[in-house]
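# Overview (structure and organization)
Below are the chains, spelled out letter by letter.
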Amino acid sequence: MTWDFKTIIEPFRIKSVEAIPILTRPEREVALKTAAYNLFKLPAAAVTIDLLTDSGTGAMSSAQWAALMRGDESYAGSNSYFALQTVVERLTGFTNVFPCHQGRAAERILSRTVIKPGQIILNNTHFDTTRANFEAVGAVAIDLPVGSGGDFAGDMDLDALDAALAEDAARAVPLVAMVMVTVTNNAVGGQPVSMTNLRAVRERCDAANVPFFLDAARFAENAWFIKQRDPGYGDRDLESIVREMFSYADGFTMSAKKDGIVNIGGLLAVKDPDWHQQMKNELILTEGFPTYGGLAGRDLEALAVGLLEALDEDYLHYRTRTIAYFAERLQAVGVPVVMPPGGHAVYIDAHLLLPHLAADTFPGISLINALYLEGGVRAVELGSLMFPGSPRELVRLAMPRRVYTQAHVDYVIEVAERVVTRASTLPGYQITRAPAALRHFSADLAPI
Ligand SMILES: *Cc1c(COP(=O)(O)O)cnc(C)c1O
């Protein structure tokens, strides 16, 4: 990294543009009412800046679009599979690689092959689909986050891991099926995991004879934080950091919709040949032949390119700096932001901003709806509506990869600043109709 200017520029120029919808306030009022005050039910055509998620929303590069044309749609043994396999092996050292249609498909196959009912999985923090897939096969998913700030707030709590493994060793029949580490730790705000922590988890897994898997959705952002913050890694190139991260694992799942910078896709890999064979059988049931795994040949090509582009240092510098800038500026205009920000999103503490709203009137919903009405910005609530009984009322502004410019970020900050000035007048919300499960996706709401 030789950049020594104060201004961090987007390290790309724009070849193809997509117009974004710009609505009047009355139009947004109608759209929000029609969506029953639930932003998940808004058509994208009513959203100006969409920060709902960084998953599958990234912009492909001209090299990726060109790679699509190389897509080999052979049913078996497609050239595109080997292109992808070569890149994945170079980055991870894993030779046995399965494409999947997205991360949760890899999780489902892993659950069906490696985990038995009643077994336990220990994770720094399970992502929600990961937990759901493990629980769906009757397993118990336990989170062991360090639960504190610092440079590597995504780490696994090693004392808690030691205790859990010791407890397991004392059982007549051990129950821990595997240890998993999620990089970066999405559920705690995209906070990174240190190399020291990965190495320590490996040592413990060796001692306990338990397999170690990575949930590698944000492997590139995690590697960047290791390079910036982990002593001894500042001069290492990112590829070698990534290889070391994966070298500690017996297998991994990956949602390629994050650091793969593709709109759909996932990966699953294991070293153990028996598991590999079982996974192959399971994969054929739902994803397709093992060399395409639910994706088109062209998708495999775009992913092979995207995985490498995600490790471009100028790109990662710009991405992490954009998110840090976003968080710092929001804080400066009076928005209570969780600091330090992680790798893919900024989190606002809606309870601190709207202390007049009780948890059962959904302060996070009040804030995201206000951001939408003010400027057409779509964020997501991670509070009492999504997680009933949640101790926190957070709002997440996730950054799609390579999609928005600094002017877009400055605009969102201005929108948030206007909302802050009216914070004490924002209404709470009530649920007027809710489904039995996953109510945040489809509940109807109304201002109180
Ligand atoms: C997105 C994500 C998943 C699930 O992947 P999908 O592609 O959405 O199915 C799993 N783990 C983590 C950490 C994720 O961020």
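A quick note: this is a predicted structure, and the numbers were derived from the prediction, not measured.

### Let's talk about the overall build of the protein chain
Along the protein chain, the regular secondary structure elements total 16 helices and 14 strands. Whereas a compact globule of 448 residues would reach a radius of gyration of roughly 22 Å, the protein chain reaches 22 Å, a difference of no more than 12%. If one aligns the C-alpha atoms of the protein chain with their principal axes, the spans along those axes are about 60 × 55 × 45 Å. In the protein chain, once contacts between residues fewer than 6 apart in sequence are set aside, the share between residues at least 24 apart is 72%.

### A closer look at the domain arrangement of the protein chain
Each assigned domain of the protein chain is listed here: domain 1 (25-54 + 312-447) and domain 2 (62-309). The interface formed by domain 1 and domain 2 includes six salt bridges. Of the charged contacts in the structure, one is a salt bridge between arginine 402 and glutamate 309, with a shortest N-O distance of 2.9 Å. At the boundary of domain 1 with domain 2, the tally comes to 13 residue pairs in polar contact (both at pLDDT 80 or more).

### A word on the pairing of strand β2 (residues 97-100)
Because side chains alternate across β2, one face comprises the buried residues Val97 and Pro99, and the other comprises Phe98 and Cys100, equally buried. Where β2 and strand β8 (residues 266-270) come together, four bridges link them in antiparallel fashion. Of the residues in β8, the one forming a bridge with phenylalanine 98 is leucine 268.

### A look at empty space enclosed by the protein
Taken as a whole, this structure holds four cavities of 30 Å³ or more when the rule is applied. As a volume, the largest cavity reaches approximately 80 Å³. If you list the elements that add at least two residues to the lining of the largest cavity, you get α14 (363-375) and β11 (380-382). Across the lining of the largest cavity, the residue classes tally to nine nonpolar, two polar and one charged. Around the second largest cavity, the lining residues are Tyr318, Arg319, Thr322, Ile323, Met399, Pro400, Arg402, Val403 and Tyr404. Considering only residue class, the lining of the second largest cavity consists of six nonpolar, one polar and two charged.

### Brief notes about the site of the ligand
In the vicinity of the ligand, 15 residues are found, and the nearest of them are Gln102, Arg104, Asp215, Ser255 and Lys258. Here an oxygen atom of the ligand sits 2.9 Å away from a polar atom, N or O, in the side chain of asparagine 186. Interatomic distance of 2.7 Å between a side-chain N/O atom of serine 255 and an oxygen atom of the ligand. Computed on the free molecule, the ligand has an accessible area of 380 Å², of which 98% lies beneath the protein chains in the complex. For the shell around the ligand, the elements supplying multiple residues, two or more each, are α4 (103-114) and α5 (128-136). For the shell around the ligand, the residue count by class is two nonpolar, seven polar and six charged.

### As for the sheet that holds β11
Within the open sheet, the three strands sit side by side as β9-β12-β11. Their pairing is antiparallel. Edge strands, defined here as strands with exactly one partner in the open sheet, are β9 (345-349) and β11. Averaged over all neighbouring strand pairs, the angle between strand axes comes to 30°, with direction disregarded. The pairing of β9 with strand β12 (residues 394-398) spans five bridges and is antiparallel.

### What to know about unusual backbone geometry
Most peptide bonds take the trans configuration, and most residues that are not glycine carry a negative phi. In this structure, the amide linkage connecting valine 183 to the following residue, threonine 184, adopts the cis form with an omega of -25°. With respect to the element layout, threonine 184 can be found in the loop between β5 (176-182) and α7 (195-208). The omega torsion of the bond from methionine 339 to proline 340 falls at -10°, within 30 degrees of zero and hence cis. Note on placement: proline 340 falls in the loop between α12 (313-332) and β9. With a phi angle near 60°, tyrosine 37 is a residue other than glycine that sits in the positive phi range. Its place among the elements puts tyrosine 37 in the loop between α1 (25-34) and β1 (49-50).

### Some thoughts on the side chain of histidine 276
For histidine 276, the location among the structural elements is in helix α10 (residues 273-286). The class of histidine 276 is buried, set by a relative accessible area of 13%. Not counting residues within four places of it along the chain, the set of residues in contact with histidine 276 comprises Asn96, Phe98 and Val270.

### Points about the packing of aromatic side chains
Scanning all chains against the criterion turns up 11 aromatic pairs. Consider the rings of phenylalanine 12 and tyrosine 318, whose centres lie 5.5 Å apart with planes at 85°: the pair is edge-to-face. Residue phenylalanine 12 is found in the segment before α1, and its partner tyrosine 318 is found in helix α12; the two are separated by 306 residues along the sequence. Relative accessible area serves as the criterion here: at 29%, phenylalanine 12 is assigned to the partly exposed category. With relative accessibility at 6%, the residue tyrosine 318 sits in the buried group. Centre to centre, the rings of tyrosine 81 and phenylalanine 82 are 5.3 Å apart; their planes meet at 75°, and the pair counts as edge-to-face. Overall, phenylalanine 82 belongs to the partly exposed group, its relative accessible area being 44%. Above the plane of the ring of phenylalanine 127 lies lysine 258, whose end atom (NZ or CZ) is 5.4 Å from the centre.

About the criteria used
- Residues numbered from 1 in each chain as written.
- Predicted model: local features only at pLDDT ≥ 70, side-chain atom pairs only at ≥ 80, totals over all residues.
- Heavy atoms only, no water.
- Helix = DSSP H or I, 4+ residues; strand = E, 2+ residues; numbered from the N terminus.
- Rg over C-alpha atoms; globule rule 2.2 N^0.38 Å.
- Contact = heavy atoms within 4.5 Å.
- Domains from an automatic or database assignment.
- Salt bridge = Lys/Arg side-chain N within 4 Å of Asp/Glu carboxyl O.
- Polar contact = N/O pair within 3.5 Å; in protein donor to acceptor, adjacent residues only side chain to side chain.
- Buried < 20%, exposed > 50% of the residue type's maximum accessible area, 1.4 Å probe, protein only.
- Pairing = 2+ DSSP bridges.
- 1 Å grid on protein atoms, 1.4 Å probe; cavity = no way out; pocket = protein on both sides within 12 Å on 5 of 7 lines; lining within 4 Å.
- Points joined across faces, edges and corners; volume = space filled by probe spheres on them.
- Nonpolar A, V, L, I, M, F, W, Y, C, P; charged D, E, K, R; others polar.
- Near = heavy atom within 4 Å.
- Areas by Shrake-Rupley, 256 points an atom, 1.4 Å probe, with all protein chains shown as cover.
- Axes fitted to C-alpha atoms, helices over the stretch in contact; angles between N-to-C directions.
- Phe/Tyr/Trp six-rings, centres within 6.5 Å; stacked < 30°, edge-to-face > 60°.
- Lys NZ or Arg CZ within 6 Å of the ring centre and 35° of its normal.

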